[in-house]
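# Overview (structure and organization)
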Amino acid sequence: MSTEAPESGRAWPRLRVEDWTATRETLHLWTQIVGKIRLAHAPLVNHWWQATLYVSPRGLTTGSIPAAHRLFEIEFDFIDHSLRIRSSDGGERAFRLEAKPVAQFHAETLQALRGLGLDTEISSGPNEVDPAIPFAADTEHASYDPDAARLFWEQLVQAHRVMGEFRSHFTGKVSPVHLFWGSLDLACTRFSGREAPEHPGGAPNCGDWVMVEGYSHELSSCGFWPGGGDEGAFYAYAYPEPEGFANHPVRPDAAYYSPENGQFLLPYEAVRTAEDPDQTLLDFLHTTYIAAADRGNWDRVRLESDPSRWNHLR
């Protein structure tokens, strides 16, 4: 991490990608372990929505997970830097988030679950990363910078706020604003209502059938990924990508289409340093959605809504 004072507390904090690579890679694998615990207990919801994590007022949470006649929750607390597990019968376990190998985090998490009578088996290794070292054997990834972890969470808080506002303009099928631990990105996805061509798959260490389920219907997706560019990047893409999508005009001026990634990108720092960061990001989210919807002939009148439609009666 940089020796500069952390910018915690700023609405849109600065966190350079190169300053927390080791912590990000370790934390990514920790979230995969916790996400796989949710995956092991929760019934399938379309596009794997039952397996994601959510931004909370203190970090990242699984939300309520069913287990027989109980519910439990696992939360990364990036204020006190602890992993907390709570169950609906009053049970609770916690341990410190600090520099430790993935293997140790894996063992401590499963042990804490056993202590609550929540024995859980998960698949042995991570997905969508290469190489995929089995969790129980991974002593390579062992970094945790608490300042960086908190700044990352503060980035997610801001992205979550604005993406939630964007989500409210759609009355069609739309995902929550949630974090996919496979790639460690915060995402929100809108659907046209039509089926999509079968996805070819190809993600590293991830069965093609996973992507087939995730991309079963025509969509427009946006999100924030902390691992690209100088300070992370916002993205937007369509599946299948309609003709003319890449050349459709979008805002702000800092946004561009990346042929390599097959998506529009907006550097996080372009939002952070803007005079109105919220509106800058909203411009990107709305215009890239319009690119997908107009080029893909979506029924926008049926699918869109005005979140202020009842304000005149209040």
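Right above here is the structure, for reference.
The paragraphs below set out a description of the structure included in this document.

The rules behind each value
- Residues numbered from 1 in each chain as written.
- Predicted model: local features only at pLDDT ≥ 70, side-chain atom pairs only at ≥ 80, totals over all residues.
- Heavy atoms only, no water.
- Helix = DSSP H or I, 4+ residues; strand = E, 2+ residues; numbered from the N terminus.
- Buried < 20%, exposed > 50% of the residue type's maximum accessible area, 1.4 Å probe, protein only.
- Polar contact = N/O pair within 3.5 Å; in protein donor to acceptor, adjacent residues only side chain to side chain.
- Salt bridge = Lys/Arg side-chain N within 4 Å of Asp/Glu carboxyl O.

### Thoughts on the environment of Arg-16
Structurally, the position occupied by Arg-16 is in the segment before helix H1 (21-41). Under the relative-accessibility criterion, Arg-16 is labelled partly exposed at 26%. C-alpha of Arg-16 to C-alpha of Ser-82: the two residues are 66 residues apart in sequence and 23 Å apart in space. Here Asp-19 takes part through its side chain, which lies 2.8 Å from a polar atom of the side chain of Arg-16.

### Describing the pattern of salt bridges
Close approach of charged atoms allows side chains of opposite charge to pair. Counted by the stated rule, this structure contains 19 salt bridges. The salt bridge partner of Glu-73 is Arg-86, with a shortest N-O separation of 3.1 Å. A residue pair is termed long-range when its members are at least 10 positions apart, and Glu-73 in strand S4 (residues 70-77) and Arg-86 in strand S5 (residues 82-87) qualify at 13 residues. On the accessibility criterion, Arg-86 (25% relative accessible area) is partly exposed. Residue Asp-299 pairs with Arg-302 through a salt bridge whose shortest N-O separation is 3.4 Å. With a relative accessible area of 37%, Asp-299 lands in the partly exposed category.

Remember, this is a structural readout, not a statement about activity or role.
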